[in-house]
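# Structural description and commentary
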Amino acid sequence: MGEVIAFYILALIIVLGALAVVTGRNLFHCGLSLAAVLLAVAGLFILNGAEFLAWVQVLIYVGAVLVIILYAIMLSENITGERILLISQNRGVGFAAATLVFALIAFLGISLSGLLAGHTSSVKDPVLALLEGADSNVIVFGTLLLTRYILPFEFASVFLVIALIGALVIARTAE
Amino acid sequence: MNDQELEQKIKENWGDGIVSLRPSLNGLEVRVTPNIFKEFARWLAADQEMEFNYLRCLSTVDWVQEQEIEVVYHLFSLRHRHHLVLKVRVPRKEPQLPTVSDIWATANWHEREAYDLMGVFFVGHPDLRRLFLPPGFEGHPLRKDYIHDIERFDDEFAEKIRRGEIQ
Amino acid sequence: MTLTEISRAIARFLGFDPPTDQAAAQVILALIDALLIFGFLMLGVLVLIYVFRKIVGFIQARLGPRYTGPRGILQTLADALKLLRKEDIIPRAADRIAFNLAPLMVFLPAYLVYIVIPFGDPETGLVVRDLNVGVLYLLSISSVTVIGIVTAGWASANKWSLLGGMRSGAQLISYEVPMTLVFAVPVLLAGSLRLSDIVRAQGEFFWQWNAFRLDFFPFTLLAFITFLICALAETNQTPFDLPEAESELVAGFHVEYSGFKFAIFFLAEFGNTIAISAIATHLFLGGWKAPFPFLPDSGFWSLGWFFFKVSLLVLLIIWIRGTLLRVRIDQVMELGWKVLLPIGLICVTGVGLLVSIRPSPTEQAKQKVAVVSECPVSLQKDDGPFRWCRTHGRT
Amino acid sequence: MMDREKLVGSVGVGEQTIRTETMEVSMGPQHPSTHGVLRVVLKVDGEWIVEADPDLGYLHRSFEKLGELRTYPQGIFLTDRWDYVSAMNNNWVYCLAVEKLLGLQVPEKAEWIRVLISEMQRIASHLVFMGTYGLDVGALTPFFYCFREREKILDLFEEICGARLTYNFYRIGGVSRDVPRGWLDKVEALCDYLIPRLDELDDLLTNNKVFLARTVGIGVIPPEMAISYGLSGPMIRGSGIPYDLRKVAPYSVYDQIEFDVVTHDGGDCWSRTWVRSQEMRQSIRIVRQCIEKLRQMPEPTFDDPYGPSTHVMAKVPPKPKPKPNDVYVAIESPRGELGVYMVSDGSEKPYRMKIRGPAFVNLSVLPAIAPGHKVADLVAIVGNVDIVMGEVDR
């Protein structure tokens, strides 16, 4: 019961916040609304028992990505003069595209979850079996990342390093 | 160099432009005409034996009876350790004098101050604005005939600020 | 009497009997916990400010507060009341919504971090929620502060506060990186993200605590020092008090704030100082443990030891504040990125290597975790671990 | 120093560049570290200063005009308000100018008292500098230490003239009173007290690692620039030029006193701070010599220590009327060359009095050295000029 109420509150925040992000006229307020959306998403993660994911979401999306966005707004907006106004021009097209993407994701999600359920029910995962007794999902998460999903994990880290070096190279040429 | 040698040297190099040369309480005092003033100042700073590289003070005196404004430069040479007082008089009606801020950077603010308070225009000054008094102030208070009408001033000033002519 | 028992007693007094009325009781208990923590925060800050004034006064050859109450102990209260009574000014050009929201965004993280901090041995219930991802929670919650500060700086429509906000944001983000790295050191040693596990993984003698432990020397000591420097930067204390450097930026991001909102910023700053000292105590100084095993450290003794260590760290911060001067923004950045970040990396790598070579402390920690989870008093019941895995992985 | 194009800044790869915009910030007049009411209009590119334009006049009280409207002895009261951190020096330079116009000989004891008090004033003024400069760069504690020490000096001043800030102690022809009995012992005790305190101050501030990081290499003034801008006092000595009026053009009895002109070649903020901290020690040296000398001179012969005393005061008419003449007199104030150009027309009031304030001239170098630094550095540079707005604006 409590979980359901919490879910609806969070969902409401997400929907309203997302609408505020795309329709807001003040860029800075849009950024703050985005923060609310991201925090509410973190709340959804907690509801699903994924605390680790939730706090990583807060740490990275709210603490880092959003701050960069706010910085960009602050630095590009002339605080003494007129404020930059955000006016969406192609609302119709945008709405149509959003609906399409939403439908696609919903379809994929529903069909995939059915597929996965049917698939994994027959196969016993050795890694998961090993971790059956563990009480903290962080340990499960960490073990999975470094055993089963080691390739994507390393791939991601190599990607990040490449991005970092690239940023450094770009920054250095300016000097 | 002592004062006699300085006097000798100035006499040798400069003829017509020197109005007077006399000892004063601050060493040798040279009075020159505005025409040769800039050249003379440049020579004072550049000449090896003179090398007046330090401008101690730039003052202005309003000689209201003579209808002249006197600009006084107290010079000092850090190497030779000799002093010189350089005086030049400009007419009070149209006080104009070439700037020396390119020779001694000290003169930059001193000249702005002199312009602000005494109304001497230093031709060629890079940034001749009022220094102490607000922009839009009228008159030059250090002149002997300046009368400050406080009420008129306040009203006009307030009006100007209201109209946005002064920040 | 423990925190839980106090909460339950209050709840019972209000007419909710916890075992019978589950959902409502949960909410009521949570509210009471929140209030208790808030009370602790207020009291702690009041005491801290008084002590701060007295000690800084002592360092600076002056007396500090004297007249309000005996020995001036009510001075802070008087100041707080003064701030509350002051006119609340909002600049005309300010962005009203963001301007009003910003103090809250700075204060809430400072308040929320206390949820996971054990004030003593959690077995006696001196913690609100001993989350299994406690360390991560601390990091993520404190990272939200930046948004509040940046918002405050931007919304004031003042160039000084904008500069202050930007400086502050840059500083906080820069120091979060080495801080996160050195957070990993105790986590590696304990094999858990839970703060109480990290404390339990540290030995009984003080030279077995993370900061001083000899088997991982010098990495853990370096990590501790790095953490302290980062802590100074994260809480805007001298020598890193640039965001509010009064001689440069007047007051930085909160220059336009007055009255109650300013008080909230102030509260958050000092609250953060206490919190960061508490975190350092748990991560590196053995938490609630006594320095020697023959000294008592159970029950309320644990509370005492914890506060003793926190006070020592707070005193250290005050001492630094009284002695050092402010560094420049580029020097702050340089220190953060060019010195502390490599040191943090070295610490993590060194400890990680040593942990993997030696007989795994992670295994020991796991056993301890198992023991802890059986503890009957523990209020925290972990929700299903990674529900997706569980539901789809089984059957 | 970076050139301006680099400062305005362009970031990008190859041909495409992003130009960043400069922002105009008004620093002051209500700003904690502009030492009163200086206003600096800054153009900043992020944290970098592109242009700094000082805006003066918020404390302009027109002393030059007021001086023309007062008789010579009345003018002394104005002088206290020029540079209120070292008012004794202002008194002195004004009296010196009038004495020179009058051709007056000051009694020897008065000269020595003047030197003694002026050097104590220098210590007090430099202590204010060290304290407030500490504040500027973010150290609160040295401020209290410096002011504690300064209080002791002010106590001694209070003992000789009853005032702590506007002394009005020097008079045309001498000083207003002889020093009270036992006062010299107190001064000597103070000297003994100060030496370890100054060492402590050096440990706390001047040689502090963070302080070094904040001031070394900041606001560098090359020697040529220092000369061209007519800097004086610690500002020019911090650039390695031993320009000290006490040595270069000795006035009063400075030619009989042994002391060193402290210089440092760095030319940066730290050098100037160091010069000041060393100058305090030199001042103590001078004070000790003055005490030595004054002990050999006759004590006041009457019982009332505050009574009139002829051996510290020359005979001056109540309304002195110097012959028409003009004179420029300058002394080495704590901030540098403090000069007065005085023109007399034979009346009892000066015809024109121009004040050459050292801080005014020293401050004029700010627009030249500030660009290329950060906002925080500007605070360090402005504080290092040791401005007193009362004297800059006059």
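Residues numbered from 1 in each chain as written. Chains lettered and ligands numbered in written order. Predicted model: local features only at pLDDT ≥ 70, side-chain atom pairs only at ≥ 80, totals over all residues. Heavy atoms only, no water.

### Some details on the sheet that holds strand 10 (residues 350–356) of chain D
Residue and element names in this part refer to chain D. If you trace the three strands from one edge of the open sheet to the other, you get 8-9-10, paired in antiparallel fashion. Among the strands making up the open sheet, the edge pair consists of strand 8 (325–333) and strand 10. Adjacent strand axes in the sheet meet at a mean angle of 15° when their direction is disregarded. Sheet topology places strand 9 (residues 336–344) next to strand 10; six bridges connect them, and they run antiparallel. Each residue of the ladder has a partner; that of Tyr-341, found in strand 10, is Lys-354. (Pairing = 2+ DSSP bridges. Helix = DSSP H or I, 4+ residues; strand = E, 2+ residues; numbered from the N terminus. Axes fitted to C-alpha atoms, helices over the stretch in contact; angles between N-to-C directions.)

### Focus: the interface of chain B and chain D
On the chain D side, the residues contacting the 41 residues of chain B number 44 residues. At the boundary of chain B with chain D, total buried surface from both sides reaches about 3,500 Å², with 57% on carbon and sulfur atoms. At the junction of chain B and chain D, the tally comes to six salt bridges. A salt bridge links Asp53(D) to Arg129(B), with the nearest nitrogen and oxygen atoms 3.1 Å apart. Between the two partners, chain B and chain D, sit 21 residue pairs in polar contact (both at pLDDT 80 or more). The set of elements that each furnish at least two residues to the side of chain B that touches chain D consists of strand 3 (54–63), strand 4 (68–76), strand 5 (83–91) and helix 3 (107–118) of chain B. Looking at the side of chain B that touches chain D, the element that brings in the most residues is strand 3 of chain B, giving ten residues. Partitioned by chemical class, the residues of the side of chain B that touches chain D number 22 nonpolar, eight polar and eleven charged. (Contact = heavy atoms within 4.5 Å. Buried area = accessible area lost by both parts, 1.4 Å probe. Salt bridge = Lys/Arg side-chain N within 4 Å of Asp/Glu carboxyl O. Polar contact = N/O pair within 3.5 Å; in protein donor to acceptor, adjacent residues only side chain to side chain. Nonpolar A, V, L, I, M, F, W, Y, C, P; charged D, E, K, R; others polar.)

### Quick word on a negative patch on the surface
All names here are of chain B. Where like charges cluster on the molecular surface, the negative patch consists of Asp-149, Glu-151, Asp-154 and Asp-155. Looking at where Asp-149 falls in the secondary structure, it is placed in the loop between strand 7 (121–123) and helix 4 (150–163). Here Asp-149 falls in the partly exposed class, since its relative accessible area comes to 38%. (Patch = residues over 30% accessible without salt bridge, like charges linked within 9 Å, V, L, I, M, F, W, Y side chains within 5 Å. Areas by Shrake-Rupley, 256 points an atom, 1.4 Å probe, with all protein chains shown as cover. Lys, Arg positive; Asp, Glu negative; His and termini not counted. Charge placed at Lys NZ, Arg CZ, Asp CG, Glu CD. Buried < 20%, exposed > 50% of the residue type's maximum accessible area, 1.4 Å probe, protein only.)

### What to know about the nonpolar core
Soluble globular proteins tend to pack their nonpolar side chains together in the buried interior. By size, the foremost hydrophobic cluster in this structure holds 301 residues, and its most contacted members are Phe40(B), Tyr73(B) and Phe227(C). Those residues in contact with Tyr73(B) that sit more than four places away from it in its chain are Phe37(B), Leu55(B), Cys57(B), Leu58(B), Leu84(B), Val85(B), Leu86(B), Val88(B), Leu97(B), Val100(B) and Phe122(B). Ranked by size, the runner-up nonpolar core spans five residues in total, among them Leu10(A), Ile14(A), Ala40(A) and Leu47(A). (Core = buried A, V, L, I, M, F, W, Y, C linked by side-chain atoms within 4.5 Å.)

### Details of the environment of Ala167(A)
Mapped onto the secondary structure, Ala167(A) falls in helix 7 (residues 150–173). Separated by 98 residues in sequence, Ala167(A) and Ile69(A) place their C-alpha atoms 17 Å apart.

### As for the packing of helix 10 (residues 259–284) of chain C against helix 11 (residues 300–323) of chain C
All names here are of chain C. For the pair helix 10 and helix 11, interaxial distance at closest approach is 9 Å and the crossing angle is 125°. Here helix 11 runs oblique to helix 10, going by the angle between their axes. In this structure, helix 10 meets helix 11 at a crossing whose hand is right-handed. Here Glu-269, Thr-273, Ile-274, Ser-277, Ala-278, Ala-280, Thr-281 and His-282 of helix 10 lie close against helix 11, whose contacting residues are Phe-306, Lys-309, Val-310, Leu-313, Val-314, Ile-317 and Arg-321. Taken together, the residues of the contact of helix 10 with helix 11 sort by class into eight nonpolar, four polar and three charged. (Parallel < 35°, antiparallel > 145°, perpendicular 65-115°, else oblique. Left-handed = near helix turned anticlockwise from the far one by under 90°.)

### Concerning the packing of aromatic side chains
Inspection of the entire model under this criterion finds 43 aromatic pairs over all chains. With 6.1 Å between their ring centres and 85° between their planes, Phe38(C) and Phe107(C) make a pair best called edge-to-face. A residue pair is termed long-range when its members are at least 10 positions apart, and Phe38(C) in helix 2 (residues 22–59) and Phe107(C) in helix 4 (residues 96–112) qualify at 69 residues. On the basis of relative accessible area, Phe38(C) is assigned to the partly exposed category, the value being 30%. One Lys or Arg, Arg56(B), reaches over the ring of Phe76(B) and ends 5.9 Å from the middle of that ring. Taking the ring centre of Phe259(D) as reference, the NZ or CZ of Lys247(D) above it sits at 4.3 Å. (Phe/Tyr/Trp six-rings, centres within 6.5 Å; stacked < 30°, edge-to-face > 60°. Lys NZ or Arg CZ within 6 Å of the ring centre and 35° of its normal.)

### Concerning helix 3 of chain B
All names here are of chain B. By the criterion of burial, helix 3 is predominantly enclosed, with eleven of the twelve residues buried. Those residues of helix 3 that sit buried are Ala-107, Trp-109, His-110, Glu-111, Arg-112, Glu-113, Ala-114, Tyr-115, Asp-116, Leu-117 and Met-118. Once helix 3 ends, the next one or two residues include Gly-119, with phi positive near 80°.

### Details of the sheet that holds strand 1 (residues 18–24) of chain B
Strand pairing in a sheet relies on backbone hydrogen bonds. The paired strands run either parallel or antiparallel. All names here are of chain B. Sheet architecture is open: five strands sit in the order 1-2-5-4-3, paired in mixed fashion. With one partner strand each, in any of the chains shown, strand 1 and strand 3 form the two edges of the open sheet. On average, each strand axis in the sheet is tilted by 20° relative to the strand beside it, whichever way the strands run. The pairing of strand 1 with strand 2 (residues 27–32) spans six bridges and is classified as antiparallel. Its bridge partner lying in strand 2, Arg-22 is registered against Glu-29.

### Topic: the side chain of Gln331(C)
Of note, Gln331(C) is situated in helix 12 (residues 329–357). Among the residues examined, Gln331(C) registers a relative accessible area of 17% and is labelled buried. The residues contacting Gln331(C), other than those within four sequence positions of it, are Ala213(D) and Arg214(D).

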